[in-house]
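Coordinate inspection notes
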Amino acid sequence: MPTNFTVVPVEARAGGDGAGAEDDAAERPEAPGIPTGAESERPSSGDGTPRESSPFISNVDVERESYYEGKNMALFEEEMDSNPMVSSLLNKLATYTNLSQGVVEHEEDEDSKRREAKAPRMGTFIGVYLPCLQNILGVILFLRLTWIVGAAGVLESFLIVSVCCTCTLLTAISMSAIATNGVVPAGGSYYMISRSLGPEFGGAVGLCFYLGTTFAGAMYILGTIEIFLTYISPGAAIFHGEAAGGEAAAMLHNMRVYGTCTLALMAVVVFVGVKYVNKLALVFLACVVLSILAIYAGVIKTAFDPPDIPVCLLGNRTLAKRSFDTCAKVHMVNNGSTMVTTALWGLFCNGSSPSAACDQYFMQNNVTEIQGIPGVASGVFLENLWSTYSDKGAFVEKEGIPAVPVPDESRASGLPYVLTDIMTYFTMLVGIYFPSVTGIMAGSNRSGDLKDAQKSIPTGTILAIATTSLIYLSCIVLFGACIEGVVLRDKFGEALQGNLVIGMLAWPSPWVIVIGSFFSTCGAGLQSLTGAPRLLQAIARDGIVPFLQVFGHGKSNGEPTWALLLTALICETGILIASLDSVAPILSMFFLMCYLFVNLACAVQTLLRTPNWRPRFKYYHWTLSFLGMSLCLALMFICSWYYALFAMLIAGCIYKYIEYRGAEKEWGDGIRGLSLNAARYALLRVEHGPPHTKNWRPQVLVMLNLDTEQAVKHPRLLSFTSQLKAGKGLTIVGSVLEGTFLDKHAEAQRAEENIRALMGVEKTKGFCQLVVSSSLRDGTSHLIQSAGLGGMKHNTVLMAWPQAWKQTDNPFSWKNFVDTVRDTTAAHQALLVAKNIDAFPQNQERLGEGHIDVWWIVHDGGMLMLLPFLLRQHKVWRKCRMRIFTVAQEDDNSIQMKKDLQMFLYHLRISAEVEVVEMVENDISAFTYEKTLMMEQRSQMLRQMQLSKTEQEREAQLIHDRNTASHTAVATRAQAPSTPDKVQMTWTKEKLTAERHKDKGTGSAAGFRDLFSLKPDQSNVRRMHTAVKLNGVVLTKSQDAQLVLLNMPGPPRNRQGDENYMEFLEVLTEGLNRVLLVRGGGREVITIYS
């Protein structure tokens, strides 16, 4: 927007402030409703003070000039009251105050694509209830439940089943809430978790669920082979146990061979046509239902007609009836006249004759026969209430039957005892049983095929869980009431001549259970091999795990060919384990982890109360979800603590991989909301929490300049920021565009994208904040005041030195810089000014041997000590050594100063070389007078003369050339008498007269001063003397240093000397390669205390 202003002639000003007031008037925009003329009629603000006596210092400070007269540190004299000299600081180390530090919490958002839903078809019963029923009821019910009841007893088995079913019920409630919170497209549980907890959790839990489903397929195949080789066709075994104890190993080998062949066959079936698998699903489900009905029918039959199933005991030990038929040592023939030994005798003795040597336990104990299934009315229920855990290889013994123990008995193999094949204990049984309650996700996995997923999933899943829980609990009670304890603990039915225990209970025939369980496990295996590849395909197509994207492709009809191949390979790993009891806890871990995160997702969404959380299913509460989550976690460690840790490690690695390499998605997930809540909480805590110096680190606002294409002018400023911060603390990268926001919106967006891209290249972790303002000066001030939020605000401003401050095409660049210095001082913020920033190293560079030199002149809170320490943490500066120089004057004890400084660094735990440089007082050189005079000439000319832009450029260049020539000749003129009248002037009398006649008609001639009447201001001379002398000392000591850190003197209180201030800084740092001017924020940032 245009700005109107009026320039008042110089001759109207009485005092030395005239030019400064003119500048102020020039920069002040016209207020609305105030005429332009009103501005010009304002009285002069000059204070009448002669310019020669006080161009920089106010009247109050005039009296102090005599105190600083002749001192070497005149450049810093205005700050002595707030920033003491190092010498005085070292004499009395002050107690350090506490400072606050911000906390950084940030989230990154990006756009994502939505997945489309398929056309719905099925209802609740067919689409959810029956699939859940088929997946829940399976191999564990038929092959292991009786053994679990025998080992754990009815009470503990009831507890195991109750806990597991409660876990799945609570998970189903949480899942129902998530599933009814909007439309759930195809993808089921993975979709729900990922969209509720974000891509990292979604990918980790989705892959865990995929691995669980794959290992479930291995478990079902192993169950199928166990039924086939143990109960249907034992003669089909390829390997046989010849040696003692070799039967178990031979069985494992048979399982591996047959399991691999079955897996290959099933994979081919799935590859050829999934539609056949889906059509056979109802057939397999019918097998399960018929088998369960046969069990209930058998239990009812035992109440009035128990089956005659004898079990042979030797003493109290159960015998395996695979090698004998008669449960007796001898039997009488020929009407009781002849005693003949039985086959059992031959198994325990060396021969069949009565006089043969026999096993000692066999000779001292009797053989008895009991009913294996005495029936519901037999009272065996009370005997089976309590647990009977045992070690591996222990005898299956019946309590209550007398037996004569044999001392030092050697458990010779080959004897027909029923032995336990694994050690049994409560937690191990939980791990083996839990897979029998999994499968609750079967309905949600078909969410894309349901007519009304929001209605069908909760109803069908919870009904299926209630039905199966009732079946399991009733089976436990009925098994304990009907079957003898030793038969329950006989895992493979050896006491029943190798028959399936649960089959012997069933009615009308054991083959109903055997055939039904065989086809049931076959169908469950096919379902797992069908579902797992589709789950992997859904994860791959989401693109959150880069290396899995190849598995998102398949056949032309969408069938996941590559995912099926990977699933078969992982499934083969489970089959090679070959033990159903070893595979079951593995998949328990993966399913439990999946269920844990389903509960977590519901709890997070409920507690956050996000506006989009509006489930149709109302019977949920965050406490139920939290209880379910806790139960899942407890069950993981109950089942197997090392498997649990391993599963968590896998999920954690997947999470970190997705976070580091994966495609970032924004799915409106709860974890993002949780992060925002946590950030808000942390911000509130930081703002009101007690600050402490020990936690102080530079929270940097980096001020970047942009070119006309909105590209960053000095990208190495961000490199230096990364080296200084090393990813810690807060970094705000700010920039200002001149104009109005409505006009510059597109440019601002492009500039922000450029800055963010550069931040990514330089690995600068932080925020970008770009401001569009009517002037660069105001925009910079706004950033310094308002950047950050709450306690997460910057305490340090980093900017580049304005190299082109002398160029007249940008006359206000130096003024913006000086005003920024004043703003940071007023805001009590530290300021870092990097000069020659383009010469600073990039992040890829490695500086070799070199020094980081610190010139500690005034104490400003310890910034000069802390910055080199932070820089040396980065690999760019790691090999550089730190040197600290401080300046001693004539009245200082330099030896004592060095000792004090070394002790101070020792207490700070900072290693550095220390050197005290003595600056003796001497006369001000002619070069200093000339430098000062030329500086004042330039300022006076540009302020008072109404030159055209061309003339300004020409005169500025001419003065700059003279300045350079004077500096090169300093060696020859250093000892010359320094009188102002001998200094060669840039302007001649003829030239001045010509300029006056040239501009005579403009009315500005009256405003000219006679430049020959100028005398160097004494205050300026002293400041220039300090800058020249200090620059010479720094050049002598630190010209070859990799980086020089130097106290930055503050700007003058009187704004008239702003341009002179820039000249002082230019002289102070002249000839140095990399310079970092440091100005503290007025607070202690480093402490000697722990």
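See the structure printed just above.
Keep in mind the model is a prediction, meaning the values are calculated, not measured. (Residues numbered from 1 in each chain as written. Predicted model: local features only at pLDDT ≥ 70, side-chain atom pairs only at ≥ 80, totals over all residues. Heavy atoms only, no water.)

Time to look at the sheet that holds strand β2 (residues 317–318). Across a sheet, paired strands are connected by hydrogen bonds in the backbone, their directions being either parallel or antiparallel. Read across the sheet, three strands follow the order β2-β1-β5 without closing on themselves; strand pairing throughout is antiparallel. In this open sheet, the two strands that pair with only one neighbour each are β2 and β5 (367–371). Alignment of strand β1 (residues 310–314) against β5, held across five bridges, turns out to be antiparallel. Residue cysteine 312 lies in a different strand from β5, and its bridge partner there is glutamate 369. (Pairing = 2+ DSSP bridges. Helix = DSSP H or I, 4+ residues; strand = E, 2+ residues; numbered from the N terminus.)

For the coordinates displayed, the defined rule picks out two disulfides. Disulfide pairing places cysteine 312 opposite cysteine 327 at an S-S distance of 1.9 Å. The S-S bond linking cysteine 312 to cysteine 327 shows a torsion near 85°; that makes this disulfide right-handed. Of this pair, cysteine 312 sits in strand β1 while cysteine 327 is found in the loop between β2 and β3 (330–333), placing the two residues 15 residues apart along the sequence. With its sulfur 1.7 Å from that of its partner, cysteine 349 forms a disulfide with cysteine 358. A torsion of 105° about the S-S bond marks the disulfide between cysteine 349 and cysteine 358 as right-handed. Taking relative accessible area as the criterion, cysteine 349 reaches 7% and is therefore assigned buried. Disulfide partners in the protein, listed by the sequence order of the bonded cysteines, are 1-2, 3-4. (Disulfide = S-S within 2.5 Å. Buried < 20%, exposed > 50% of the residue type's maximum accessible area, 1.4 Å probe, protein only.)

A separate point is the pairing of strand β11 (residues 850–856). With seven of its seven residues buried, β11 lies for the most part within the structure. Here β11 shows two buried faces, one formed by Gly850, Ile852, Val854 and Trp856 and the other by His851, Asp853 and Trp855. By the bridge criterion, seven bridges tie β11 to strand β12 (residues 880–888) in an arrangement that is parallel. For valine 854, the partnering residue across the bridge sits in β12 and is isoleucine 884. Pairing analysis gives four bridges linking β11 to strand β14 (residues 1043–1047), with the strands arranged parallel. Counterpart to isoleucine 852 in the pairing with β14 is leucine 1043.

Once that is clear, we can look at the packing of helix α9 (residues 246–272) against helix α19 (residues 510–542). Two numbers describe how α9 lies on α19: the axes approach to 10 Å, and their chain directions differ by 60°. Overall, the two elements α9 and α19 adopt an arrangement that is oblique. By crossing handedness, the relation of α9 to α19 is classed as right-handed. Contact residues: Leu263, Met266, Ala267, Val269 and Val270 in α9; Cys522, Gly525, Leu526, Leu529 and Thr530 in α19. For the contact of α9 with α19, the residue count by class is eight nonpolar, two polar and no charged. (Axes fitted to C-alpha atoms, helices over the stretch in contact; angles between N-to-C directions. Parallel < 35°, antiparallel > 145°, perpendicular 65-115°, else oblique. Left-handed = near helix turned anticlockwise from the far one by under 90°. Contact = heavy atoms within 4.5 Å. Nonpolar A, V, L, I, M, F, W, Y, C, P; charged D, E, K, R; others polar.)

The terminal C-alpha atoms of helix α10 (residues 274–304) lie 47 Å apart, and with 31 residues this matches the ideal 45 Å at 1.5 Å per residue to within 8%. At leucine 280, α10 shows its largest kink, close to 30°. (Expected span 1.5 Å × (residues − 1). Bend = angle between axes of the 7 residues up to and from the residue.)

Right, let's talk about the sheet that holds strand β8 (residues 767–773) for a bit. Here we have ten strands laid out as an open sheet, ordered β8-β7-β6-β9-β10-β15-β14-β11-β12-β13, and mixed in their pairing. This sheet does not close on itself; its edge strands, each paired only once, are β8 and β13 (913–918). Going from strand to strand, the sheet's axes swing by 20° on average, the running direction of each strand aside. Sheet analysis places strand β10 (residues 830–835) next to strand β15 (residues 1075–1079), joined by five bridges and oriented antiparallel. What sits directly across from valine 833, in β15, is leucine 1077. Lying on the sheet, helix α26 (residues 741–761) is in contact with β6 (700–704), β7 (731–738) and β8; it crosses β8 at an angle near 155°.

Remember, this is a structural readout, not a statement about activity or role.
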